[in-house]
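Report on the structure
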Amino acid sequence: MTVLLDRPIVPSPASALVCRNCGAQFPLGAQHACFECFGPLEIGYDPTALARVTREEIEAGPHSLWRYAGLLPVGQNPATRVDSGTGMTPLIRADRLADELGFTAPVWIKDDSANPTHSFKDRVVSVAITAARELGFERIACASTGNLANSVAAHAARVGMPSIVFIPADLEPAKIIQTAIYGGTLVGVEGSYDDVNRLCSELGETDEFENTGFVNLNVRPYYAEGSKTLGFEVAEQLGWRIPGQYVAPMASGSMLTKIHKGFKELIEAGLVPASSWRVYGAQSAGCAPIATAFADGSADVQPVKPTGIAKSLNIGSPADGPYALDAVRSTGGSMAAVDDDEIRAGVRLLARTTGVFAETAGGVTVAVLRKLVEAGEIDTSIETVVFNTGEGLKTIDAVSEGAVPTAIIQPTLKGMRAAGLL
Ligand SMILES: Cc1ncc(COP(=O)(O)O)c(C=O)c1O
Ligand SMILES: [Zn+2]
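Considerations on the sheet that holds strand S9 (residues 212–214)
On the basis of which strands lie adjacent, the open sheet formed by 4 strands has the order S8-S7-S6-S9 and parallel pairing. In this open sheet, the two edge strands, each paired with only one partner strand, are strand S8 (185–189) and S9. The mean inter-strand angle of the sheet, taken between neighbouring strand axes irrespective of direction, is 20°. Two elements, strand S6 (residues 139–143) and S9, share 3 bridges in a ladder whose sense is parallel. Within S9, the position partnered with isoleucine 140 by the bridge is glycine 213.

This is how it looks when you write it as structure tokens:
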């Protein structure tokens, strides 16, 4: 285990790594599995340190996720932060979407495509690379379904760290180009994300990778905390309160669970009034191991071989599946999966009603919202936040059919008339 080499000058509110299975505690460091039961570790906080954080302090902070540094495990010292201006993305009131779906309460889109590399992954990467630097790693790596690759390569370039990024070789061209352009090492693996992840786990055990922080493997407890800032921002943007329910896409299931954890910590810190909320999870039918376990009433997530256009969500063996099931079941929420046609319709519905062009993962989320409404599984009288986690230009092929000019005309009034537009 690597011990923190270079602790920030300002003490962190994080107190320990805590096993999510058995509750065993370990010192903060580059460890991601429990020595007692091999369960995954997450960051535990000192409640008194959380309680010292004030709304005023946060509001006076930078216009980025680092305004929440007092609720994060790293980055208390601004000098150690990897800051690309990630976060404080728009929370858009989607009245036309709400009307079309029959909501009587407000529906909001948290549009995280507005981050520097156009997905929510900039949040987890900002925190993970800050942690990797504080932990003394010299190189940064990841196993990715696409968006993480974009973000790791970009942030490594920004801070001048070497990077090595592993992706399935058959990703969308835009995601491959957007990673390669930043100049690190990019390895296309002939296999699924789950194969890539297994390879990275093996590499992490080799001497050659001892100096390498894999953001979503050995730095994972820190990485995962970055997603809490989605929840923090939503609460702040709503005037310091937690919405009645939210819908989020799931690949590993981490982001959905961390938004939930973020809400709980806001209450613990006394930053928002105590309230209850429901959590809804979205998957694509081509890769729905968590939603299937939910439908079967099972706590066991059976691995699948992913297919389908929502490639960024194609994790067949989701590490946080059981915890996502817990978050959803314990709050009285639900899950659903949607097929490729429904996903495309979801992308178009959001674009047409809200002016937000989402990647296929956002299409999954909006299509699941629609499905849950139609099935009567979500209460349309409760204020709802829908997380759009990636940009439409990244998966443009998925919806290119029919997305053409209404007419091609000569630059004259006659041309307009000929096309029936005048
Ligand atoms: C656009 C997008 N949304 C959501 C997710 C889901 O993330 P998680 O693995 O935390 O469930 C991913 C994961 O890669 C993603 O790329
Ligand atoms: Zn354990």
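Re the side chain of lysine 175
With respect to the element layout, lysine 175 can be found in helix H6 (residues 173–180). The exposure class assigned to lysine 175 is buried, which follows from its relative accessible area of 1%.

Regarding the domain arrangement of the chain
Each assigned domain of the chain is listed here: domain 1 (14–83 + 121–223) and domain 2 (91–117 + 227–399). One C-alpha centre belongs to domain 1, the other to domain 2; they are set 22 Å apart. Contacts between the two partners involve 38 residues from domain 1 and, on the opposite side, 40 residues from domain 2. Interface of domain 1 and domain 2: buried area, both sides summed, is about 3,300 Å²; carbon and sulfur atoms make up 48% of it. Considering only the side of domain 1, the residues that lose the most area to domain 2 are Arg55, Tyr68 and Arg123, jointly responsible for 22% of the buried surface there. Run the count over domain 1 and domain 2 and you get 7 salt bridges. Between arginine 67 and glutamate 236 there is a salt bridge whose closest N-O contact spans 2.7 Å. Joining domain 1 to domain 2, the criterion identifies 26 residue pairs in polar contact (both at pLDDT 80 or more). It is helix H5 (residues 147–159) that contributes the most residues to the side of domain 1 that touches domain 2, 4 residues altogether.

Overview of the pairing of strand S11 (residues 278–284)
Burial analysis of S11 places 6 of its 7 residues in the buried class, the great majority of the element. Regarding topology, helix H10 (residues 254–268) serves as the crossover connection from strand S10 (residues 245–249) to the parallel S11, and that connection is right-handed. Sheet analysis places S11 next to strand S12 (residues 334–338), joined by 5 bridges and oriented parallel. Residue alanine 282 lies in a different strand from S12, and its bridge partner there is alanine 336.

Structural notes on the pattern of salt bridges
Summed over the entire model, instances satisfying the criterion amount to 21 salt bridges. Measuring nitrogen to oxygen at the nearest pair gives 2.5 Å for the salt bridge that ties arginine 20 to aspartate 320. Taken together, the residues span a long stretch of sequence, with arginine 20 in the loop between strand S1 (14–19) and strand S2 (25–26) and aspartate 320 in the loop between helix H11 (289–295) and helix H12 (321–330) at a distance of 300 residues. A relative accessible area of 4% places aspartate 320 in the buried class. Between arginine 123 and glutamate 233 there is a salt bridge, with the nearest N and O atoms lying 2.8 Å from each other. Of this pair, arginine 123 sits in helix H4 (residues 121–135) while glutamate 233 sits in helix H9 (residues 228–237), placing them 110 residues apart in sequence. Neither arginine 123 nor glutamate 233 differs from the other in exposure class; each is buried.

Reading the values: rules and limits
- Residues numbered from 1 in each chain as written.
- Chains lettered and ligands numbered in written order.
- Predicted model: local features only at pLDDT ≥ 70, side-chain atom pairs only at ≥ 80, totals over all residues.
- Heavy atoms only, no water.
- Pairing = 2+ DSSP bridges.
- Helix = DSSP H or I, 4+ residues; strand = E, 2+ residues; numbered from the N terminus.
- Axes fitted to C-alpha atoms, helices over the stretch in contact; angles between N-to-C directions.
- Buried < 20%, exposed > 50% of the residue type's maximum accessible area, 1.4 Å probe, protein only.
- Domains from an automatic or database assignment.
- Contact = heavy atoms within 4.5 Å.
- Buried area = accessible area lost by both parts, 1.4 Å probe.
- Salt bridge = Lys/Arg side-chain N within 4 Å of Asp/Glu carboxyl O.
- Polar contact = N/O pair within 3.5 Å; in protein donor to acceptor, adjacent residues only side chain to side chain.
- Right-handed = clockwise from strand over helix to strand, strands pointing away.

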